[in-house]
Amino acid sequence: MSNLTDQQQDRELRVPSLNSPQMRRILASSFIGSAIEFYDFILYATAASLVFNKVFFVNLTPGVALFASFATLAVGYLARPLGGIVFGHFGDKVGRKGVLITSMVMMGGASTIIGLLPPTAQVGMVAPIALILLRILQGLAVGGEWGGAMLMALEHAPKERRGFAASFANMGGPAGAVLATLAVSAVSLLPNDVFLSWGWRIPFILSVLLVGIGWSSG
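Each residue is numbered by its place in its chain's sequence as written, counting from 1. Thresholds applied to this predicted model are a pLDDT of at least 70 for local features of residues and 80 or more for the giving and counting of side-chain atom pairs; totals over whole chains, interfaces and linings are not thresholded and use all residues. Note that water and hydrogens are dropped before the side-chain values are worked out from all heavy atoms of the structure.

Some remarks on the overall build of the protein chain
Here's step 1: A run of H or I in DSSP counts as a helix once it spans at least four residues, and a run of E counts as a strand once it spans at least two, with each numbered from the N terminus. Counting secondary structure elements, the protein chain contains eleven helices and zero strands.
Here's step 2: The order of helices and strands in the protein chain, counted from the N terminus, is α-α-α-α-α-α-α-α-α-α-α.
Here's step 3: Considered along the principal axes of its C-alpha atoms, the protein chain spans approximately 80 × 35 × 30 Å.
Here's step 4: Think of it in three bands: with a 1.4 Å probe and only protein chains considered, a residue is buried below 20% of the maximum accessible area for its type, exposed above 50%, and partly exposed in between. Across the 218 residues in the protein chain, those meeting the buried criterion constitute 44%.
Here's step 5: Summed over its atoms, the accessible surface of the protein chain is roughly 11200 Å², and 70% of this surface lies on carbon and sulfur atoms.
Here's step 6: By the counting scheme adopted, Arg and Lys are positive, Glu and Asp are negative, and His together with the chain ends is not counted. All charge positions are set by atom: Lys at NZ, Arg at CZ, Asp at CG, Glu at CD. Measuring between centres, the 14 positive side-chain charges of the protein chain sit 4 Å from its 10 negative side-chain charges. Note on areas: these come from Shrake-Rupley sampling with a 1.4 Å probe, and a residue is covered only by the protein chains present in the view.

Dropping the structure here:
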């Protein structure tokens, strides 16, 4: 029995733990980074169905305006593979952490600017064009962040714990989606004219606070 216990202790000493301060910080960064990215990504998808056709595509018929709004949503998905390639390349060259922070700031910055973007009624075609460009930035950012967050956790984890460590990036995605849903649900309780005027902007602007949380965790 003593020999068996000694063998178990030796095996535990040989296998690094996920409970080290550095590894806990990496797992937290992986989770929070993915949560922030998907918060912003899902937030845009929700606003595309409720708001953008009435704010940025007001000169079109209702059906065409809604189609245009969802078309800008699709642009982000098209940009995601390119983001994975670009950020994956630089992650290999300069390190995962810096690339992860860059993608997180890019995503949060784009969302905050969307929340501050004046409507088409004030600045004309500049508004929808800016919206599309910002959506492309979001797609690039989330394409780079998710893979980078998973790889950072996987590469730093002990060999026997890599699958579990990489799952933290996957867990962050649904958490961000739920947070975005709750944020939109809260502001949708405002009167409809207030919601369309400025209420919908609040969750986007709050992205800057989430980026601050993610930055401090990194």
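Notes on helix α4 (residues 62-94)
Here's step 1: Take the number of residues in a helix, subtract one, and multiply by 1.5 Å to get its expected span. End to end, α4 covers 47 Å across 33 residues, agreeing with the expected 48 Å (1.5 Å per residue, within 8%).
Here's step 2: The angle separating two fitted axes, one through the seven residues that finish at a residue and one through the seven that start at it, defines the bend at that residue. Bending of α4 peaks at approximately 30 degrees at the position of Arg 80, with proline Pro 81 no more than four residues after it.
Here's step 3: The complete set of buried residues in α4 reads Ala 65, Ala 68, Ser 69, Thr 72, Leu 73, Gly 76, Ala 79, Gly 83, Phe 87 and Gly 91.
Here's step 4: By the convention used here, residues are in contact when the closest approach between their heavy atoms is within 4.5 Å. Of the surrounding secondary structure, the elements contacted by the buried residues of α4 are α2 (21-50), α3 (52-55), α5 (96-116) and α7 (126-156).

Let's talk about the packing of α7 against helix α8 (residues 162-187)
Here's step 1: Lines fitted to C-alpha atoms define the axes here, with helix axes fitted over just the stretch in contact, and angles between the N-to-C directions of these axes take values from 0 to 180 degrees. As a packed pair, α7 and α8 sit with axes 8 Å apart at the nearest point and diverge in direction by 155 degrees. Here α7 lies roughly antiparallel to α8, going by the angle between them. Handedness of the α7/α8 crossing: right-handed. The residues of α8 that touch α7, namely those facing Trp 146, Ala 149, Met 150, Ala 153 and Leu 154, are Arg 162, Ala 165, Ala 166, Ala 169 and Asn 170.
Here's step 2: Just so you know the grouping, Ala, Val, Leu, Ile, Met, Phe, Trp, Tyr, Cys and Pro go in nonpolar, Asp, Glu, Lys and Arg go in charged, and all remaining residues, Gly too, go in polar. In the contact of α7 with α8, the residues fall into eight nonpolar, one polar and one charged. In these notes the angle categories are as follows: under 35 degrees is roughly parallel, over 145 is roughly antiparallel, 65 to 115 is roughly perpendicular, and the rest is oblique. We call a crossing left-handed when the near helix sits turned anticlockwise from the far one by less than a right angle, and right-handed when that turn is clockwise.

Comments concerning the packing of aromatic side chains
Here's step 1: Within 6.5 Å between ring centres, the rings of Phe, Tyr and Trp (the latter by its six-membered ring) count as paired, and their orientation is classed by plane angle as stacked under 30 degrees, edge-to-face over 60, tilted in between. All told, the structure shown has eight aromatic pairs when counted by the stated rule.
Here's step 2: Between Phe 52 and Phe 204, the ring centres sit 6.2 Å apart and the planes meet at 45 degrees, which makes this aromatic pair tilted. Placement of the pair is Phe 52 in helix α3 and Phe 204 in helix α10 (residues 201-205), with a sequence separation of 152 residues.
Here's step 3: Overall, the relative accessible area of 1% leaves Phe 204 in the buried class.
Here's step 4: Geometrically, the ring pair formed by Phe 56 and Trp 200 is edge-to-face, given 6.1 Å between the ring centres and 85 degrees between the ring planes. Of this pair, Phe 56 sits in the loop between α3 and α4 while Trp 200 sits in the loop between α9 (192-199) and α10; the two residues are 144 residues apart in sequence, bridging distant segments of the chain.

Remarks on the packing of α2 against α4
Here's step 1: Two elements in contact, α2 and α4, have axes whose closest approach is 8 Å; the angle formed by their N-to-C orientations is 160 degrees. Comparing the axis directions of α2 and α4 gives the class roughly antiparallel. Classified by chirality, the crossing of α4 by α2 is left-handed. Residues Phe 38, Phe 41, Tyr 44, Ala 45, Ala 48 and Ser 49 of α2 touch α4, and the partners they reach there are Leu 66, Ser 69, Phe 70, Thr 72, Leu 73, Gly 76, Tyr 77 and Arg 80.
Here's step 2: Residues belonging to the contact of α2 with α4 are distributed by class as follows: nine nonpolar, four polar and one charged.

Quick look at the environment of Ala 183
Here's step 1: Relative to the elements of secondary structure, Ala 183 occurs in helix α8.
Here's step 2: What makes Ala 183 buried here is its relative accessible area of 17%.
Here's step 3: Not counting the four nearest positions on each side in its chain, Ala 183 is found in contact with Tyr 39 and Pro 203.

Considerations on a nonpolar patch on the surface
Here's step 1: Together, Leu 82, Ile 85, Val 86, Phe 90 and Val 94 make up an exposed nonpolar region whose accessible area comes to about 490 Å².
Here's step 2: Relative to the elements of secondary structure, Ile 85 occurs in helix α4.
Here's step 3: For Ile 85, a relative accessible area of 60% gives the class exposed. Note on patches: the residues involved have over 30% relative accessible area and no salt bridge, like charges join within 9 Å, and the nonpolar side chains Val, Leu, Ile, Met, Phe, Trp and Tyr join within 5 Å. The salt bridge criterion pairs a side-chain nitrogen of Lys or Arg with a carboxyl oxygen of Asp or Glu, the two atoms within 4 Å.

Spatial relationships are all this shows, so hold off on functional conclusions.
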